[in-house]
Amino acid sequence: MGTKLNQKVQMKYRQKFKRVKISENVVLKSGLEEVVYNHLVDNKISFTYEGLKITYFQPEQKRTYTPDFVFPQVLIETKGAFNSADRKKMKLIKKQNPKLDIRFIFSNSKTKIGKKSKTTYGDWCNLFDFKFHCIQTTKQTFPKEWLKEIKDKKWHDKKLRIL
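The notes below deal with the structure included here. Computed from a prediction, not measured in an experiment: that's the story for all the values here.

## Digging into the environment of Phe104
Locating Phe104 in the fold gives a position in strand E8 (residues 102-106). Leave out the neighbours within four places in its chain, and Phe104 touches Glu77, Lys79, Phe82, Met90, Trp124, Cys125, Phe130, Lys131, Phe132, His133 and Trp146.

Below you can see the structure in the form of structure tokens.
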């Protein structure tokens, strides 16, 4: 009985996210972020991790969104779980910042958005015009065409503009 009580206490005080310290200034919040971060570093891709704050408004509230990976023309958000609050937030951000190119990397884009829903994460992205990548399906951490796009000199010289 003492073991079960101890497990409950540990679960109650467990961190919300898996924290992975990469350097003094970089602490990743998930295993998926760690995989994508390491892949980008291994491929010598220049990026900033959570280096941008985007202001958006929920009805009656000003909020900020911090994308996981920031490139000059693209913002990448990694998602293992994509809950209702995150989906609502992303729709508001896109509506209020239509020029942003926000893309998702999912552990599995075929995961249903809810227990009773037939809609998957990928279906949701298609419905709301977000580009996405599925690690489970492709067995690739980061899509090769996105890497090529990021490395392209002409594209890389453009500046990210937040309106």
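## Some words on helix H6 (residues 144-151)
For H6, every residue scored as buried is listed here: Trp146, Leu147 and Ile150. The buried side chains of H6 occupy one side of the element, clustering within an arc of 100° when seen end-on. Residues of H6 that are exposed and angled more than 90 degrees away from the buried face: Lys144, Glu145 and Lys148.

## Some thoughts on the nonpolar core
Ranked by internal contacts, the top residues of the largest apolar core, which has 20 residues, are Leu40, Phe69, Phe71, Ile76 and Phe142. Top contributing element to this core by residue count: helix H2 (residues 31-42), with four residues. In this structure Phe69 touches Glu33, Val36, Tyr37, Leu40, Phe47, Thr48, Tyr49, Val74, Leu75, Ile76 and Thr78, once residues within four positions along its chain are discounted. Core analysis: the next-biggest nonpolar cluster, separate from the first, contains 18 residues, Tyr56, Tyr65, Phe82 and Met90 among them.

## Concerning the environment of Glu77
Looking at where Glu77 falls in the secondary structure, it is placed in strand E7 (residues 75-79). Under the relative-accessibility criterion, Glu77 is labelled buried at 6%. If near-sequence neighbours (up to four positions away) are discounted, Glu77 is found in contact with Tyr65, Thr66, Pro67, Asp68, Arg103, Phe104 and Ile105. A polar contact of 2.9 Å, which involves the side chain of Glu77, links it to the side chain of Tyr65.

## Comments concerning the sheet that holds strand E9 (residues 131-134)
Here five strands make up an open sheet; going across it, the order is E3-E6-E7-E8-E9 and the pairing mixed. With one partner strand each, in any of the chains shown, strand E3 (48-49) and E9 form the two edges of the open sheet. Judged from the two bridges that link them, strand E6 (residues 69-70) and E7 form a sheet pairing that is antiparallel. Residue pairing across strands places Phe69 opposite Ile76, the latter belonging to E7.

## What about the side chain of Asp68?
Secondary-structure assignment places Asp68 in the loop between strand E5 (61-65) and E6. Nearest to the buried, unbridged Asp68 among oppositely charged side chains is Lys29, at 5.1 Å. Non-local contacts of Asp68, meaning those with residues more than four positions away in its chain, are made with Glu33, Thr48, Tyr49, Glu50, Ile76, Glu77 and Thr78.

## As for the packing of aromatic side chains
The final tally for this structure, using the stated rule, is 18 aromatic pairs. Here Phe82 and Tyr121 contribute two aromatic rings whose centre-to-centre distance is 5.7 Å and whose plane-to-plane angle is 85°, an arrangement assigned as edge-to-face. Remark: Tyr121 occurs in helix H4 (residues 121-127) and Phe82 occurs in the loop between E7 and helix H3 (84-96); sequence separation between them is 39 residues. You can call Tyr121 buried: its relative accessible area is 6%. An angle of 85° between the planes, with centres 5.0 Å apart, marks the rings of Phe82 and Trp124 as edge-to-face. Within this pair, whereas Phe82 is found in the loop between E7 and H3, its partner Trp124 is found in helix H4, the two being separated by 42 residues in sequence. Owing to a relative accessible area of 4%, Trp124 belongs among the buried residues under this scheme. By the ring-pair criterion, three or more aromatic residues cluster together here, those being Phe82, Phe104, Phe106, Tyr121, Trp124, Phe128, Phe130 and Phe132. For Lys94, the ring lying beneath its charged end belongs to Phe130, and the centroid distance is 4.3 Å. Sitting over the face of the ring of Trp146, Arg103 holds its NZ or CZ atom 5.1 Å from the ring centroid.

Procedures and definitions
Residues numbered from 1 in each chain as written. Predicted model: local features only at pLDDT ≥ 70, side-chain atom pairs only at ≥ 80, totals over all residues. Heavy atoms only, no water. Helix = DSSP H or I, 4+ residues; strand = E, 2+ residues; numbered from the N terminus. Contact = heavy atoms within 4.5 Å. Buried < 20%, exposed > 50% of the residue type's maximum accessible area, 1.4 Å probe, protein only. Arc of directions from axis to C-beta. Core = buried A, V, L, I, M, F, W, Y, C linked by side-chain atoms within 4.5 Å. Polar contact = N/O pair within 3.5 Å; in protein donor to acceptor, adjacent residues only side chain to side chain. Pairing = 2+ DSSP bridges. Lys, Arg positive; Asp, Glu negative; His and termini not counted. Salt bridge = Lys/Arg side-chain N within 4 Å of Asp/Glu carboxyl O. Phe/Tyr/Trp six-rings, centres within 6.5 Å; stacked < 30°, edge-to-face > 60°. Lys NZ or Arg CZ within 6 Å of the ring centre and 35° of its normal.

These figures come from the coordinates and say nothing about function on their own.
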